[in-house]
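Reading the structure
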Amino acid sequence: MSQGSSGDWAPLEPTSGPPAPPNPFVHELRLSRLQRVKFCLLGALLAPIRVLLAFIVLFLLWPFAWLQVAGLTEEQLQEPLTGWRKTVCHNGVLGLSRVLFFLLGFLRIRVRGQRASRLQAPVLVAAPHSTFFDPIVLLPCDLPKVVSRAENLSVPVIGALLRFNQAILVSRHDPASRRRVVEEVRRRATSGGKWPQVLFFPEGTCSNKKALLKFKPGAFIAGVPVQPVLIRYPNSLDTTSWAWRGPGVLKVLWLTASQPCSIVDVEFLPVYHPSPEESRDPTLYANNVQRVMAQALGIPATECEFVGSLPVIVVGRLKVALEPQLWELGKVLRNAGLSPGYVDAGAEPARNRMISQEEFARQLQLSDPQTVAGAFNYFQKDASGLVDFRDVALALAALDGSRDLEELTLLAFELFAEEQAEGPGRLLYRDGFSTILHLLLGSPRPAAATLHAELCQAGSDQGLSLCQFQDFSLRDPLHGKLFSTYLRPSQTPNASSPGSPTALANGTVHVPKQKGD
């Protein structure tokens with residue numbers, strides 16, 4: 001492959017401002033030889049026994065969870081439970097849960113600060129969310145209600161515990177579910193202390209504790225006071241972090257259970273009372289609470305978040321993938337020995353040509369089925385499982401590296417711009433603009449569509465001229481640097497995989513080293 005198609009990309013020089021934080025989605029656990037020996041010995045002795053006993057206790061939780069809701073109708077479960085069900089089952093689950101975490105090695109839960117009452121703070125927000133062990137924070141919070149995916153109801157034991165908890169359930173497949181969750185959160189938070197507190201992990205996913213991810217607004221929609229709760233694992237070796245890129249579930253569980261003793265600190269910060277502006281604007285409220293918690297933790301507050309299954313960052317007015325999938329496509333093609341520059345694109349400007357996986361393989365001269373499937377899955381398919389060959393042509397041109405950025409953006413415009421309904425010339429409309437940014441930067445399509453409307457300074461049905469598109473992608477002070485970071489070939493090829501740009505809210509961008517480099 002020609003230079004630039006090997007997956008090497010030039011880093012963007014940091015702008016003024018504080019240094020960018022480490023990549024919060026990557027956790028690299030480095031063990032010395034002595035530590036490896038220690039974990040092998042303790043893992044063989046402690047981990048199997050601890051995990052087995054913990055699973056036994058987990059299944060013992062089921063009868064208590066079932067007993068609390070047995071015989072109750074859905075209408076009765078819409079109100080907080082009282083009486084013997086609350087006393088016996090609540091205390092049973094609380095006690096067994098502490099035994100469960102104790103068996104996994106969490107011998108100490110150190111609590112600092114004072115938990116507010118449900119009247120003082122109907123909502124608790126816990127961060128950083130870094131591991132599947134974080135539910136341990138429910139114990140010093142006296143098992144508050146939680147928000148969970150509806151799909152978890154079908155998980156053995158976990159589903160029973162969610163019913164016991166009277167959890168607020170959200171379905172990712174039902175658009176109306178989010179509205180019902182918002183209404184339910186507001187109903188419970190404004191019940192005047194009738195309902196127990198609701199606990200949120202506002203980051204929505206796990207990080208490596210090095211920075212706080214962007215807070216989602218769900219915990220702040222009711223506009224009521226919240227109490228921030230900090231979670232720390234002050235152990236000499238971080239075996240608990242379960243990030244997007246790093247050790248998997250079994251390894252984290254095994255290493256943590258192999259530790260003689262794991263400690264968790266839970267700190268209750270003072271109740272945060274929202275201002276009138278924050279009560280009206282959940283996003284502003286969430287951002288301000290995030291900054292307060294980040295300051296107390298001594299780590300940065302970032303704009304990093306998850307969209308779908310990929311982590312994204314905010315750069316200017318645009319969301320971009322932390323690691324564009326274009327890099328992964330380049331690796332697949334490089335491993336297959338393919339040079340994108342030798343492929344005859346055959347894509348016609350402004351005219352989609354839908355191709356099947358078989359035609360895709362013939363066009364790119366790929367024979368290995370696994371390679372074909374991996375490369376083909378990079379592109380968005382229609383209902384028939386076909387992809388637009390214009391997408392393929394643009395991706396190959398970007399990976400080829402023989403074009404400079406002006407030529408590449410010109411090609412992108414020519415491929416996806418359309419004739420105006422009225423007047424001469426061609427314009428780049430919302431769908432084409434979103435496709436280009438998704439292909440080249442991994443930008444989520446809804447975010448790109450919003451940016452397109454802003455750039456048009458009118459309705460989203462307006463289009464961009466070639467001059468406007470290149471002003472944005474080449475000459476904009478921030479977005480132009482972003483395009484050059486993702487797409488400019490490195491002058492000194494490196495066989496290692498690329499790093500991941502990380503951006504702060506102020507636009508500071510750098511490229512940290514990936515795990516395994």
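Bear in mind that the values here come from a model prediction, so they are computed numbers and not experimental data.

Observations regarding unusual backbone geometry
Cis geometry marks the peptide bond from Ala 127 to Pro 128, where omega comes out at -5°. Here Pro 128 lies in the loop between β2 (123-127) and β3 (145-149). The phi dihedral of Val 157 falls on the positive side, at around 65°, and the residue is not glycine. Here Val 157 is to be found in the loop between β3 and α3 (158-165).

Description of the UniProt feature "transmembrane region" (unreviewed entry) in the protein chain
As annotated by UniProt and renumbered to match this structure, "transmembrane region" (unreviewed entry) occupies residues 39-62. Helix makes up 100% of residues 39-62 and strand 0%, whereas the separation of the span's terminal C-alpha atoms amounts to 32 Å.

Focus: a nonpolar patch on the surface
Residues Ile 49, Leu 52, Leu 53, Ile 56 and Leu 60 make up a contiguous nonpolar surface patch of about 450 Å² in total accessible area. Take Ile 56: it is sitting in helix α1 (residues 33-69).

What about the nonpolar core?
Looking at soluble globular proteins, one finds that nonpolar side chains tend to be buried together. Core analysis: the biggest nonpolar cluster contains 57 residues, and Leu 329, Phe 360, Phe 379, Leu 394, Phe 433, Leu 437 and Leu 441 have the highest contact counts within it. A total of 9 residues in this core trace back to one element, the largest contributor, which is helix α11 (residues 389-400). Not counting residues within four places of it along the chain, the set of residues in contact with Leu 437 comprises Leu 318, Gly 442, Ser 443, Ala 448, Leu 451, Phe 472 and Phe 483.

A look at the confidence of the model for the protein chain
In the predicted model, the protein chain carries a mean pLDDT of 82, and the fraction of residues at 70 or more is 85%. For the protein chain, the element scoring lowest by mean pLDDT is strand β16 (residues 509-510), at 34; strand β6 (residues 226-232) scores highest, at 97. Taken as a whole, residues 1-20 scores under 50 in pLDDT and shows 68 contacts with residues more than four places along the chain or in a different chain. With pLDDT under 50 throughout, residues 489-517 is counted as low confidence; its partners more than four residues away or in other chains account for 93 contacts.

Examining helix α13 (residues 430-441)
A rise of 1.5 Å per residue sets the reference length of α13, with its 12 residues, at 16 Å; its end C-alpha atoms lie 16 Å apart and thus fit the reference within 8%. Most of α13 is tucked away: 9 of the 12 residues are buried. Looking at α13, one finds that the buried residues are Gly 432, Phe 433, Ser 434, Thr 435, Ile 436, Leu 437, Leu 439, Leu 440 and Leu 441. Once α13 finishes, Gly 442 follows within two positions and takes phi at roughly 70°, a positive value.

Brief notes about the environment of Tyr 285
Structurally, Tyr 285 can be placed in helix α7 (residues 282-297). For the pair formed by Tyr 285 and Pro 274, sequence separation is 11 residues and the distance between their alpha carbons is 6.9 Å. Residue contacts for Tyr 285: discarding those within four places in its chain leaves Phe 220, Gly 223, Val 224, Pro 225, Val 226, Tyr 272, Pro 274 and Glu 278.

Some thoughts on the environment of Gln 227
Inspection of the secondary structure assignment puts Gln 227 in strand β6. A C-alpha to C-alpha distance of 6.4 Å links Gln 227 and Pro 270, two positions 43 residues apart in sequence. Filtering out sequence-adjacent residues up to four positions away, Gln 227 remains in contact with Gln 114, Arg 115, Ala 116, Ala 121, Val 123, Leu 124, Val 125, Phe 268, Leu 269 and Val 271.

Digging into the pairing of β6
By the criterion of burial, β6 is predominantly enclosed, with 6 of the 7 residues buried. By the bridge criterion, 5 bridges tie β2 to β6 in an arrangement that is parallel. By the bridge assignment, Ala 127 is partnered in β6 with Leu 230.

Remarks on the packing of α1 against helix α2 (residues 83-103)
Interhelical geometry of α1 versus α2 gives an angle of 170° and a closest axis separation of 9 Å. In terms of orientation, α1 lies roughly antiparallel with respect to α2. When its residues are assigned to classes, the contact of α1 with α2 shows 18 nonpolar, 4 polar and 3 charged.

Quick word on the pattern of salt bridges
Per the counting criterion, the structure on display carries 16 salt bridges. Between Lys 194 and Glu 79 there is a salt bridge, with the nearest N and O atoms lying 2.7 Å from each other. Of the two residues, Lys 194 sits in the loop between α4 (175-189) and β5 (198-200) while Glu 79 sits in the loop between α1 and α2, which places them 115 residues apart along the sequence. Of the residues examined, Glu 79 reaches a relative accessible area of 31% and is grouped as partly exposed. One salt bridge connects Asp 265 with Arg 112, and the closest N-O pair in it is separated by 3.5 Å. Of this pair, Asp 265 sits in strand β7 (residues 262-268) while Arg 112 sits in strand β1 (residues 106-112), placing them 153 residues apart in sequence. For Asp 265, a relative accessible area of 3% gives the class buried. A cluster of three or more residues bridged by salt bridges with shared partners is formed by Glu 79, Glu 184, Arg 187, Arg 188 and Lys 194.

Looking at the side chain of Ser 171
Along the chain, Ser 171 turns up in the loop between β4 (168-170) and α4. The exposure class assigned to Ser 171 is buried, which follows from its relative accessible area of 17%. If we ignore the near neighbours within four places in the chain, the residues touching Ser 171 are Ala 150, Glu 151 and Ser 177.

Notes on the pairing of β3
Walk down a regular strand and you will see the side chains alternate between the two sheet faces. Where β3 and β5 come together, 2 bridges link them in parallel fashion. Looking across to β5, one finds that Lys 145 is bridged to Val 198. With 3 bridges connecting them, β3 and β4 associate as parallel partners. The residue bridging Arg 149 from the neighbouring strand is Val 170, located in β4.

Structural notes on the sheet that holds strand β9 (residues 310-315)
Read across the open sheet, the 3 strands follow the order β8-β9-β10; overall the sheet is antiparallel. Each edge of the open sheet is held by one strand with a lone partner, namely β8 (305-307) and β10 (318-321). Sheet twist, expressed as the mean angle between neighbouring strand axes with direction ignored, is 50°. Helix-sheet contacts for helix α16 (residues 479-487) involve β9 and β10, and the interaxial angle to β10 is about 10°.

Procedures and definitions
Residues numbered from 1 in each chain as written. Predicted model: local features only at pLDDT ≥ 70, side-chain atom pairs only at ≥ 80, totals over all residues. Heavy atoms only, no water. Helix = DSSP H or I, 4+ residues; strand = E, 2+ residues; numbered from the N terminus. UniProt positions renumbered as here; feature names shortened; annotations may be inferred. Patch = residues over 30% accessible without salt bridge, like charges linked within 9 Å, V, L, I, M, F, W, Y side chains within 5 Å. Areas by Shrake-Rupley, 256 points an atom, 1.4 Å probe, with all protein chains shown as cover. Salt bridge = Lys/Arg side-chain N within 4 Å of Asp/Glu carboxyl O. Core = buried A, V, L, I, M, F, W, Y, C linked by side-chain atoms within 4.5 Å. Buried < 20%, exposed > 50% of the residue type's maximum accessible area, 1.4 Å probe, protein only. Contact = heavy atoms within 4.5 Å. pLDDT = per-residue confidence, 0-100. Expected span 1.5 Å × (residues − 1). Pairing = 2+ DSSP bridges. Axes fitted to C-alpha atoms, helices over the stretch in contact; angles between N-to-C directions. Parallel < 35°, antiparallel > 145°, perpendicular 65-115°, else oblique. Nonpolar A, V, L, I, M, F, W, Y, C, P; charged D, E, K, R; others polar.

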